[in-house]
Amino acid sequence: MVNTDSLIKHDPRLFLFRALSELGEQENVPIERIDEINRQIVAIMNKRSVMEPVDISKRSELRTVAREVVLRLNLGLEHGSKLDLIRAKHLLGCNDMIRFYQIGNTLITKLKRDAQDLRQRARLTIAETGMVQIGGHPEAVMEMPLLSQIEEDVLSAVIDETLIIGEVTVVVESKAEVGQPMEQLSQVQIADGMLRNLGLRLDYLQTLPLYLMAKEKDFRYAASMESSEDLAGKITCGMVVNLAIDSGRYFCVTLDKVRKFCEACITANEVTDAVEEKLLAWLIEYLETHQAAEAVIDYAYDYWMYWINQLGRHLQKPTTDSSTLHDWFIL
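Since this is a predicted model, take the numbers as computed values, not measurements.

J.: What is the right way to read the packing of helix α11 (residues 273–289) against helix α12 (residues 294–314) from this model?
T.: Each pair of packed helices can be summarised by the angle the axes make with each other and by the distance between the axes. Put simply, α11 and α12 touch, their axes get as near as 10 Å, and they point 150 degrees apart. It follows from the interaxial angle that α11 and α12 lie roughly antiparallel. By crossing handedness, the relation of α11 to α12 is classed as right-handed. Counted together, Glu276, Leu279, Leu280, Trp282, Leu283, Ile284, Leu287 and Glu288 of α11 and Ile297, Ala300, Tyr301, Trp304, Met305, Ile308 and Asn309 of α12 form the full contact between these two elements. Residues that form the contact of α11 with α12 fall into these classes: 12 nonpolar, 1 polar and 2 charged.

Structural data, given as structure tokens:
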């Protein structure tokens, strides 16, 4: 085993080190307890370096292991103490460090598993029979991502234990140029909240009559679907337009339908209140009829509000060319 004690780098930003510093300054805490905490951290690092496996002759690899252990310990302590320093010092004084490591490791492992599950699930597959469903299927002849590229990047970053967004949003519109390692509980909570939203979006999409996209092997829209930057958004925008002009709950639109929507439903750069109210009422009734969970309904409501607002802003000018609508609809 390698003595990894020298690899532990003090980081004043981490709650763990602040709590340890204050614990060490307390007169009623014996030095033996501080030594024991350090030994336990080193033991966890040694065990982790064996399990990885890691080339213990390379200090760069050992530093990576040491940092990962420290970050998981930090997450575990933040979670257990709820960022209360007094409680954190108490927990450090009477618990083995392995407990905090296990909590932090569980948080990260769950995030990565959820991201991997979402990445596998966020696919729209069409079989030769015309069956359309979310998720993989062995008979699929077409498979298209349901999330935008930015949201796919969010999933990949989480799997790499990195955060590239700063808050939980209905739709991820932008990301950081350089991701940050998930060091603190607040970062884990942001990632977890965003993954939850993406999961709720897929739950909402699952309720839709997706079979209409390939009814009777009608693949006319396949090219438009496969080249979509955000297929879920296009599906929703198509439904918004068709429902608003009473042409049914279809996902694909024509130039004439979009023109009619612009003329009848948009004023002053936004969808009229009456149309918005009608659309949202339909959505709630539809999801309740399909026994969607309350969380799914709440998210879908916000998701439709997002796209209704986007359409109101971007379709304010006369629409003369269907090519300009490709980013918004399945045509």
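Here the narrative resumes, following the displayed structure.
J.: In this structure, what is going on with the pattern of salt bridges? I would like to understand it.
T.: A side chain with one charge can pair with a side chain of the opposite charge if their charged atoms come near. This structure, assessed with the given rule, holds 18 salt bridges. Notably, a salt bridge pairs Asp256 with Arg259, separated by 3.6 Å at the nearest N-O pair. Separated by 3 residues within a single helix, Asp256 and Arg259 lie in helix α10 (residues 255–265), roughly one turn from each other. By relative accessible area, Asp256 is classed as exposed at 55%.

The rules behind these values
Residues numbered from 1 in each chain as written. Predicted model: local features only at pLDDT ≥ 70, side-chain atom pairs only at ≥ 80, totals over all residues. Heavy atoms only, no water. Axes fitted to C-alpha atoms, helices over the stretch in contact; angles between N-to-C directions. Helix = DSSP H or I, 4+ residues; strand = E, 2+ residues; numbered from the N terminus. Parallel < 35°, antiparallel > 145°, perpendicular 65-115°, else oblique. Left-handed = near helix turned anticlockwise from the far one by under 90°. Contact = heavy atoms within 4.5 Å. Nonpolar A, V, L, I, M, F, W, Y, C, P; charged D, E, K, R; others polar. Salt bridge = Lys/Arg side-chain N within 4 Å of Asp/Glu carboxyl O. Buried < 20%, exposed > 50% of the residue type's maximum accessible area, 1.4 Å probe, protein only.

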